[in-house]
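Chains, contacts and geometry: an overview
Here is how the chains run, residue by residue.
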Amino acid sequence: MAGQEETMKKLMLALFCFSLSAAFLAGCSSEGEAFEKKSFEAEASQVQALQIEVTDRKIEIQPSEDGNVHIGYQESDKNFYHIELTDGKTLVMTSGENKSWTDFIGTKPSRESRTITLEIPEAALASLSIATSNEDVFLPAMSFSETVSVRLNNGNIQVEGLTVGKGLNLETKNGDISGTVTGTYDDFSILSEARKGVCNLPASKEEGEKALTAFANNGDINLQFVKGA
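Heads up: these notes are all about the structure in this document. Fair warning: this is a prediction, and the values are worked out from it, not measured in the lab. Position numbers for residues start from 1 in each chain and track the written sequence from start to end. Predicted model: local features are reported for residues with pLDDT of at least 70 only, side-chain atom pairs are reported and counted for 80 or more only, and whole-chain, interface and lining totals are derived from all residues. Water and hydrogen atoms play no part in the side-chain values, which are based on all heavy atoms of the structure.

**As for the overall build of the protein**
Helix and strand definitions here come from DSSP, where helices need a minimum of 4 consecutive H or I residues and strands a minimum of 2 consecutive E residues; each element is numbered from the N-terminal end. For the protein, the count of helices and strands is 1 helix and 18 strands. A total of 229 residues make up the protein; the buried ones form 40% of that total. Whether two residues are in contact is decided by their heavy atoms, any of which lying within 4.5 Å being enough. Taking the intrachain contacts of the protein between residues at least 6 apart in sequence as the baseline, contacts between residues at least 24 apart amount to 50%. Accessibility throughout is a Shrake-Rupley quantity obtained with a 1.4 Å probe, and a residue counts as covered only by protein chains that appear here. Total accessible area computed for the protein in this model is approximately 12,700 Å², and 51% of it derives from carbon and sulfur atoms. In this scheme, a residue with accessible area under 20% of its type's maximum is buried, one over 50% is exposed, and one in between is partly exposed, where area comes from a 1.4 Å probe on protein chains only.

Take a look at the structure:
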């Protein structure tokens, strides 16, 4: 019995010390992380496709006022980005981290420091591809000569009068897909599925010059077709 009591005392002491350590590390979370505002600019003639591959970031999209491509973001020593303009005129932005295990304890950086702003020239780009998580994505009334693709984990996708020349691919988990797409029902071949949700599109439709795919896992799909301006 004495041996069991001693073992229990040691276990309780270890758990107590671990709790104190966790509380201390949570107090040293990313709340005090220093972020610096930065920007990237490229002429529209240099960019045909824009590809954003990040996690846990909010992405705000708006038309460019000067006809160039602008990306606004914030970086720290622990949270940063890789931005590259390839020879194929694809502008790629990915997120990077330089963290120890203690950095994952406590609160994450503010939404402001995790927000990326994209200013895109109207009808200047062929394609746009976005992937992020834990945030909603809103696509305003803009035109792309080829394709638009949005993939989300834990977020809603909303489009408003979006115009594509060849295809539109929208996918989300734990979120809804809604809004309006420029064109008619007959313009698009369609593949769609709303698992654990309601979908207003057919599961499959073969005829159409453009391709529309919409998949929502644990969410609804409600997309309408509207005439262009």
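**Points about the sheet that holds strand β16 (residues 204-205)**
Pairing between strands is defined by DSSP: at least two bridges between the two strands are required. Strand order in the open sheet formed by 9 strands is β5-β6-β2-β8-β11-β13-β17-β15-β16, and the pairing between neighbours is mixed. Edge positions in the sheet fall to β5 (79-85) and β16, since each has one partner strand and no second. Bridge count between strand β2 (residues 49-53) and strand β8 (residues 127-133): 5 bridges; the pairing is parallel. Each bridged residue has a counterpart across the sheet, and for Glu-53 the counterpart in β8 is Ala-131.

**Describing the pairing of strand β12 (residues 157-164)**
As paired strands, strand β9 (residues 137-139) and β12 are joined by 3 bridges and run parallel to one another. Bridge pairing in β12 places Phe-138 opposite Gln-158. Bridge analysis of strand β10 (residues 143-144) against β12 gives 2 bridges, and the strand direction is parallel. Within the sheet, the bridge partner assigned to Ser-143 lies in β12 and is Thr-163. The pairing of β12 with strand β14 (residues 177-182) spans 4 bridges and is classified as parallel. Residue pairing for β14: Leu-162 is matched across the bridge by Val-181.

**Side note on the packing of aromatic side chains**
Classification of ring pairs rests on two measures: the distance between centres of Phe, Tyr or Trp rings, Trp counted by its six-membered ring, which must be within 6.5 Å, and the angle between planes, read as stacked under 30 degrees, edge-to-face over 60 and tilted in between. Inspection of the entire model under this criterion finds 3 aromatic pairs. Taken together, Tyr-185, Phe-188 and Phe-225 form an aromatic cluster joined through their ring pairs. Cation over ring: Lys-205 sits above Tyr-185, and NZ or CZ is 4.9 Å from the ring centre. Only when the NZ of Lys or the CZ of Arg is both within 6 Å of the ring centre and within 35 degrees of the ring normal is a charge said to sit over the ring.

**Remarks on the nonpolar core**
One finds Leu-50, Leu-118, Ile-120, Leu-139, Val-148 and Leu-223 to be the most contacted residues of the largest nonpolar core, which totals 43 residues. Ignoring anything within four residues of it in the chain, the contact list for Leu-118 reads Leu-50, Ile-52, Ile-59, Glu-60, Ile-61, Gln-62, His-70, Ile-71 and Ile-130. The set of buried Ala, Val, Leu, Ile, Met, Phe, Trp, Tyr and Cys residues whose side-chain atoms join them within 4.5 Å is what this entry labels a nonpolar core.

**Quick notes on the pairing of strand β11 (residues 147-153)**
Both β8 and β11 contribute to a ladder of 6 bridges, which runs parallel. Residue pairing in the sheet places Thr-132 in a bridge with Leu-152 of β11. Bridge analysis of β11 against strand β13 (residues 167-173) gives 7 bridges, and the strand direction is parallel. By the bridge assignment for β13, Thr-147 is matched with Gly-167.

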